[in-house]
Amino acid sequence: MEFLALKDFLDIKVAQYNRPNFIPNDPICIPHQYQQKQDIEIAAFFAAILAWGQRKTIINKCNELLARMDHAPYDFMRHHGDEDLKGLLGFKHRTFNDTDLLYFVAFFKQHYEQSNSLETAFLPRNTLIADYLPALERHEVAMASSACLLDEMEPGSFTAEKALNHFRSYFFSLPDYPRRTIKHISSPLQKSTCKRLNMFLRWMVRKDHCGVDFGIWNTIPASELVCPCDVHVDRVARKLGLIERQQTDWQTAVELTSKLRELDPQDPVKYDFALFGLGIEEKF
C-alpha cells in the first residue's frame, strides 16, 4: 500500500476505534471507573499487567481485585493493615497470584510515600542509582542500562527503552522481592516487546479529545512512546508491511513504532487503535 493511502486508511481506523464506545469491552474500562489521578494510575497498572487472555476475563479479574481493595486502590495502598492484606489472599489470574500481588502492593505503598504520581517511577534520577543496581542478578537487572546511569532527565533525553529498563530495576528495589514475581515486569533488556507496560504508558501519556486514553502525565512525551505489540497488532502490521523483522521482540516493537512515526511523528502510538481494532474486531 502506498504511503499516503496507508496513512489515510490507518487514520480512518484510528478515528473509528479511538472513541468512547471502545472503552466498555477493553481493559481500559477499569481505570475509567475512577476520577482521582492515583486511583487511575493503580487501576490502569493492574489492568495492563493482567492483560492476558480474553478481554472479558481480564476485566472481570480486575474488578474482582479492586473489589478486594474496596474500590479505593490509592487509599488501600497508603493505609492498608494486615487484615486488609489478608483480603488479597487467594487472588489469581493466569500465573499472577497473591504472592505477586502482595509485592505489588508493597511497591505501591513505598512509591506513593515518596511521590504523588507513578510517572516518576519511569523517570531516571541520580538519586535512584546506587540502591537499585544490586537488586536483581546482573543478567536480569538494568545493570548496563543507560537509564540507570543518567544523572538527570535532560530535555529530549527520554526514550521508552531507558524508562522501561529503569522502571524494572526500580520496581524490584525493595528487599526480599519474590523471585517468581520478576516475570511479571518486563523490560527491553529481556528482549520483550513490553506490550503491557507500553500499553499502560499509552493510556497515561497520550492526550487527545477522544476520551479513551487519559493523558494525565505531562513529562513523558507521546512522541517517544513505543507501540504495544501483541499478537493482533503484530499480525496486522506485518500484513501492512510495517514489520519486516522475523521474530517478535523489543526490536520488532521499535521497528513498528519507527514506521508509525513516519505517519505521525508526534503521536505514533495512536495507530495502536487502528492495528488492534483491525486485528481483533475485523480479523484483518
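Each chain carries its own residue numbering, running from 1 in the written order of its sequence. Selection of residues for local features in this predicted model requires a pLDDT of at least 70, selection of side-chain atom pairs for listing and counting requires 80 or more, and totals for whole chains, interfaces and linings are taken over all residues. Note that the side-chain values use all heavy atoms of the structure and ignore hydrogens as well as water.

1. A short note on the side chain of Asn97
Going by this rule: The secondary structure listing takes helices from DSSP runs of H or I that are at least 4 residues long and strands from runs of E that are at least 2 residues long, numbered from the N terminus. Two N or O atoms form a polar contact when they lie within 3.5 Å of each other; inside protein one atom must be a possible hydrogen donor and the other a possible acceptor, and for residues adjacent in sequence the pair counts only when both atoms belong to side chains. Residues are treated as being in contact if the distance between any of their heavy atoms lies within 4.5 Å.
Looking at the element boundaries, Asn97 is found in strand β2 (residues 96-97). A distance of 3.0 Å separates a polar atom in the side chain of Asn97 from the backbone nitrogen of Thr99. Those residues in contact with Asn97 that lie beyond four places of it in its chain are Phe91, Lys92 and Arg180.

2. Observations concerning helix α12 (residues 271-280)
Where we set the bar: Residue burial is assigned from relative accessible area. The probe radius is 1.4 Å, only protein chains are included, and a residue is buried under 20% of its type maximum, exposed over 50%, and partly exposed in between.
Taking burial as the measure, the 10 residues of α12 include 10 buried ones, the bulk of the element. Tucked inside the fold, the buried residues of α12 contact α1 (3-17), α3 (55-68), α9 (195-205), α10 (231-239) and α11 (250-263).

3. Considerations on the pattern of salt bridges
Defined as follows: Throughout this description, the term salt bridge denotes a Lys or Arg side-chain nitrogen within 4 Å of a carboxyl oxygen of Asp or Glu.
Taken as a whole and judged by the stated rule, the model has 19 salt bridges. Residue Asp11 is joined to Lys7 by a salt bridge in which the shortest nitrogen-to-oxygen separation is 3.2 Å. Here Lys7 and Asp11 lie together in helix α1, a separation of four residues that amounts to about one turn. For Asp11, a relative accessible area of 24% corresponds to the partly exposed category.

4. Some details on the nonpolar core
Worth spelling out the cut-off: The set of buried Ala, Val, Leu, Ile, Met, Phe, Trp, Tyr and Cys residues whose side-chain atoms join them within 4.5 Å is what this entry labels a nonpolar core.
Ranked by internal contacts, the top residues of the largest apolar core, which has 92 residues, are Phe45 and Phe122. Element by element, the count of residues in this core is highest for helix α2 (residues 37-49), at nine residues. Ignoring anything within four residues of it in the chain, the contact list for Phe45 reads Phe104, Phe108, Leu118, Phe167, Phe171, Ile185, Leu197 and Phe200.

5. Looking at a negative patch on the surface
Under the convention used in this document: A patch consists of residues whose relative accessible area exceeds 30% and which take part in no salt bridge; residues with like charges are grouped when within 9 Å of each other, and nonpolar side chains (Val, Leu, Ile, Met, Phe, Trp, Tyr) when within 5 Å. Computed with the Shrake-Rupley method and a 1.4 Å probe, the accessible areas treat only the protein chains shown as cover for residues. In this count, Lys and Arg are taken as positive residues and Asp and Glu as negative ones, while His and the chain termini are left out. Every charge is mapped onto a representative atom, which is NZ of Lys, CZ of Arg, CG of Asp or CD of Glu.
On the surface, Asp70, Asp75, Asp82 and Asp84 cluster together to form a negatively charged patch. Here Asp84 shows up in helix α5 (residues 82-86).

6. Looking at the side chain of Ser223
Note that Ser223 resides in the loop between α9 and α10. Judged by relative accessible area, which is 17%, Ser223 ranks as buried.

7. Remarks on unusual backbone geometry
Here His71, not a glycine, exhibits a phi torsion of approximately 55°, which is positive. Mapped onto the elements, His71 comes out in the loop between α3 and α4 (73-79). The exposure class of His71 is partly exposed, given its relative accessible area of 41%. Look at Cys194: it is not a glycine, yet its phi comes out positive at around 55°. Looking at where Cys194 falls in the secondary structure, it is placed in the loop between α8 (160-171) and α9. Classification of Cys194 by relative accessible area gives buried; the value is 0%.

8. Brief notes about the confidence of the model for the protein chain
The cut-off we apply is this: Note: pLDDT gives the predictor's confidence per residue, expressed from 0 to 100.
Overall, the predicted model of the protein chain reaches an average pLDDT of 90, with 88% of residues at or above 70. Confidence drops under a pLDDT of 50 for residues 126-153, and excluding neighbours within four residues, the segment shows 58 contacts in the predicted structure.

9. Considering the packing of α2 against helix α6 (residues 98-114)
What counts, and what does not: Axis angles are defined between N-to-C directions and span 0 to 180 degrees, where every axis is a line fitted to C-alpha atoms and, for a helix, only to the segment in contact. Any angle between 65 and 115 degrees counts as roughly perpendicular, while under 35 counts as roughly parallel, over 145 as roughly antiparallel, and the rest as oblique. Whether a crossing is left-handed or right-handed is set by the direction in which the near helix is turned from the far one by less than a right angle, anticlockwise for left-handed and clockwise for right-handed. Only Asp, Glu, Lys and Arg are considered charged in this grouping, and only Ala, Val, Leu, Ile, Met, Phe, Trp, Tyr, Cys and Pro are considered nonpolar; every other residue, Gly among them, is considered polar.
One can describe the packing of α2 onto α6 by two numbers: an axis separation of 13 Å at closest approach and a directional angle of 150°. In this view, α2 runs roughly antiparallel relative to α6, as classed from their interaxial angle. You can see that α2 and α6 cross each other, and the crossing is right-handed. Facing α2, whose interface residues are Gln38, Glu41, Ile42, Phe45, Phe46 and Ile49, α6 presents Leu101, Phe104, Phe108 and Tyr112. Along the lines of polarity and charge, the residues of the contact of α2 with α6 split into eight nonpolar, one polar and one charged.

10. Remarks on the environment of Leu123
For Leu123, the position within the fold is in the loop between α6 and α7 (129-132). Through-space distance from the C-alpha of Leu123 to that of Thr159 is 9.9 Å; in sequence the pair is 36 residues apart.

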